[in-house]
Protein chains: 2
Amino acid sequence: MSLKLYDLAAANPAIRFSPHCWRARLALAHKGLDVETLPWRFVEKERIAPSGQGLVPALVDGDTWVADSGKIADYLDQTYPDRPLFEGPQARAHARFLEIWVSRVLHPAILRQIVGELFSFLDEGDQTYFRETREKRFGMSIEAFSEGAEAALPALQATMDPLRVTLESQPYFGGEQPSYADYAVFGGFQWARVASSKDLLESGDPIAQWRDRILDAFDGLARSMPARAEQ
Amino acid sequence: MSLKLYDLAAANPAIRFSPHCWRARLALAHKGLDVETLPWRFVEKERIAPSGQGLVPALVDGDTWVADSGKIADYLDQTYPDRPLFEGPQARAHARFLEIWVSRVLHPAILRQIVGELFSFLDEGDQTYFRETREKRFGMSIEAFSEGAEAALPALQATMDPLRVTLESQPYFGGEQPSYADYAVFGGFQWARVASSKDLLESGDPIAQWRDRILDAFDGLARSMPARAEQ
């Protein structure tokens, strides 16, 4: 029985950049589970209809569909208890705040930096979808939102400060070893790395050093996806 | 052997408002440990010199001094393993990001709302100390910083959003039961409640409902400290 993961793809179907899909990819790798990833585009809602919703990641395990990166992590720990992503219910609960903060605070701040380049590498049908949905969310055009990137860079650096300070006292968000919390944060940096040629982190930054450790994990799984500058 | 906790006090020594001291008070209560709290003022550095630094909370357990709320939590779990504040090292590591985010992001945003009233109820010597240290940090006078409070209120509400969303999916930051993560967040709200007559939360807010649960915990320990309007 093989696992399948619907995974957001750029116009080039080999390029996978979704931060939430990378959470799921690394969670699967953490557990040592093989997975076949299926390139998917925003407009292909019918292909994942059995998941009960219209976004990826969507995991298919036999007859079971699981959507949402956090729910996928919980499903994997319940179904495949070896190499847990969470040591217990309190560790899971504590990680939830981090997960939510990343999705609601860190991701929008990163997106502002990368949205122009990200838009340009989407498939044509997805460009239309992305423009419609994101311009409603931004309250302005992609181009206007993107123009504000330079001015918003100091705010992004300030936003990342609690990540930085945490990594000054422990090597991973999970402590001595990476946990799902690490993958939840890493997704946003992988998104930026694959979609954009900008580097948001200076090389001495503790976040950059931690990012390197996650890029190298699992035989360099995340690093094997080429950065934008190498595509 | 009784535990003692040096605890920041207002001009009225019965009024204790420090967010970091409340973390320690609740951590001690969580573990069912009795503690004698000693009122302390910012200027009384010599009284806590054996702690190796000049800030409270400082816990004294026999010959052992422990400063810093997070280190006090760790010390309590190591020394008194019953009723753990953390289920294990990963839960502790996950809570660290939350602790750091609260101290670096939530606290400054709350302080802007309450600083005028807070300043006014400090002891005279502490007013001088507070003005000197905080005006350096703010880059402006307490009065100027305080004047910006009204305009900064929407930003505080947005800052609190990840707390709110987390509490929509679980009753406590620790999950089904409160953990040290809850006390780390609660300290900031208790600070606001004791120092200021403003209420930062509307009654239907999930954060307000959670705050009520912590105020009621341990036989109403936190609620027994009068709110500013009742002092």
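Residues numbered from 1 in each chain as written. Chains lettered and ligands numbered in written order. Predicted model: local features only at pLDDT ≥ 70, side-chain atom pairs only at ≥ 80, totals over all residues. Heavy atoms only, no water.

Notes on helix H6 (residues 149-159) of chain B
Residue and element names in this part refer to chain B. Among the residues of H6, Ala-149, Ala-152, Leu-156 and Thr-159 are the ones counted as buried. Axial view of H6: buried residues confined to an arc of 60 degrees, hence all on one face. Residues Glu-150, Ala-151, Pro-154 and Ala-158 are exposed on H6 and point more than 90 degrees away from its buried face. Against helix H3 (89-120), helix H5 (142-147) and helix H7 (161-169) lie the buried residues of H6. (Buried < 20%, exposed > 50% of the residue type's maximum accessible area, 1.4 Å probe, protein only. Helix = DSSP H or I, 4+ residues; strand = E, 2+ residues; numbered from the N terminus. Arc of directions from axis to C-beta. Contact = heavy atoms within 4.5 Å.)

Thoughts on the interface of chain A and chain B
Listed per partner, the contact involves 29 residues of chain A and 29 residues of chain B. Taken together, both faces of the contact between chain A and chain B bury some 2,400 Å²; the carbon and sulfur share is 60%. It is Gln-90, His-94 and Phe-97 of chain A that lose the most area in chain A upon contact with chain B, and together they represent 30% of the buried surface on that side. Counting across the interface, chain A meets chain B through 2 salt bridges. With its nearest N and O atoms 3.0 Å apart, the salt bridge here joins Asp-161 of chain B to Arg-104 of chain A. Remark: the boundary between chain A and chain B carries 18 residue pairs in polar contact (both at pLDDT 80 or more). For the side of chain A that touches chain B, the elements supplying multiple residues, two or more each, are helix H3 (89-120) and helix H7 (161-169) of chain A. Sort the elements by how many residues they give to the side of chain A that touches chain B and H3 of chain A lands first, with 13 residues. Residues that form the side of chain A that touches chain B fall into these classes: 16 nonpolar, 9 polar and 4 charged. (Buried area = accessible area lost by both parts, 1.4 Å probe. Salt bridge = Lys/Arg side-chain N within 4 Å of Asp/Glu carboxyl O. Polar contact = N/O pair within 3.5 Å; in protein donor to acceptor, adjacent residues only side chain to side chain. Nonpolar A, V, L, I, M, F, W, Y, C, P; charged D, E, K, R; others polar.)

Digging into helix H2 (residues 69-79) of chain A
Most of H2 of chain A is tucked away: 8 of the 11 residues are buried. If you check which residues of H2 of chain A are buried, you get Ser-69, Gly-70, Ile-72, Ala-73, Asp-74, Tyr-75, Leu-76 and Asp-77 of chain A.

Some words on the side chain of Arg-164 of chain A
All names here are of chain A. Looking at where Arg-164 falls in the secondary structure, it is placed in helix H7. By relative accessible area, which is 13% here, Arg-164 ends up buried. Contacts of Arg-164, omitting those with residues within four sequence positions, involve Gln-157, Leu-201, Asp-205, Pro-206 and Ile-207.

Focus: the pairing of strand E2 (residues 35-40) of chain B
Every regular strand shows the same layout, with side chains that alternate between the two sheet faces. All names here are of chain B. As defined by bridge partners, strand E1 (residues 3-8) adjoins E2 across 6 bridges and the pair is classed as parallel. Looking at the pairing, Leu-8 lines up with Trp-40 of E2. Following the chain from E1 across helix H1 (residues 19-30) to the adjacent parallel E2, one finds a crossover that is right-handed. (Pairing = 2+ DSSP bridges. Right-handed = clockwise from strand over helix to strand, strands pointing away.)

Description of the packing of aromatic side chains
Tallying each qualifying case throughout the model produces 27 aromatic pairs over all chains. With a centroid separation of 6.3 Å and 70 degrees between ring planes, the pair formed by Phe-186 of chain A and Trp-210 of chain A is classed as edge-to-face. Remark: Trp-210 of chain A occurs in helix H9 (residues 206-220) and Phe-186 of chain A occurs in helix H8 (residues 180-195); sequence separation between them is 24 residues. As far as the burial class goes, Phe-186 of chain A and Trp-210 of chain A line up, both buried. An angle of 65 degrees between the planes, with centres 5.6 Å apart, marks the rings of Phe-86 of chain B and Tyr-180 of chain B as edge-to-face. Of the two residues, Phe-86 of chain B is situated in the loop between helix H2 (69-79) and H3 and Tyr-180 of chain B in helix H8 (residues 180-195); the sequence distance between them amounts to 94 residues. Of the two residues, Phe-86 of chain B and Tyr-180 of chain B, both sit in the buried class. (Phe/Tyr/Trp six-rings, centres within 6.5 Å; stacked < 30°, edge-to-face > 60°.)

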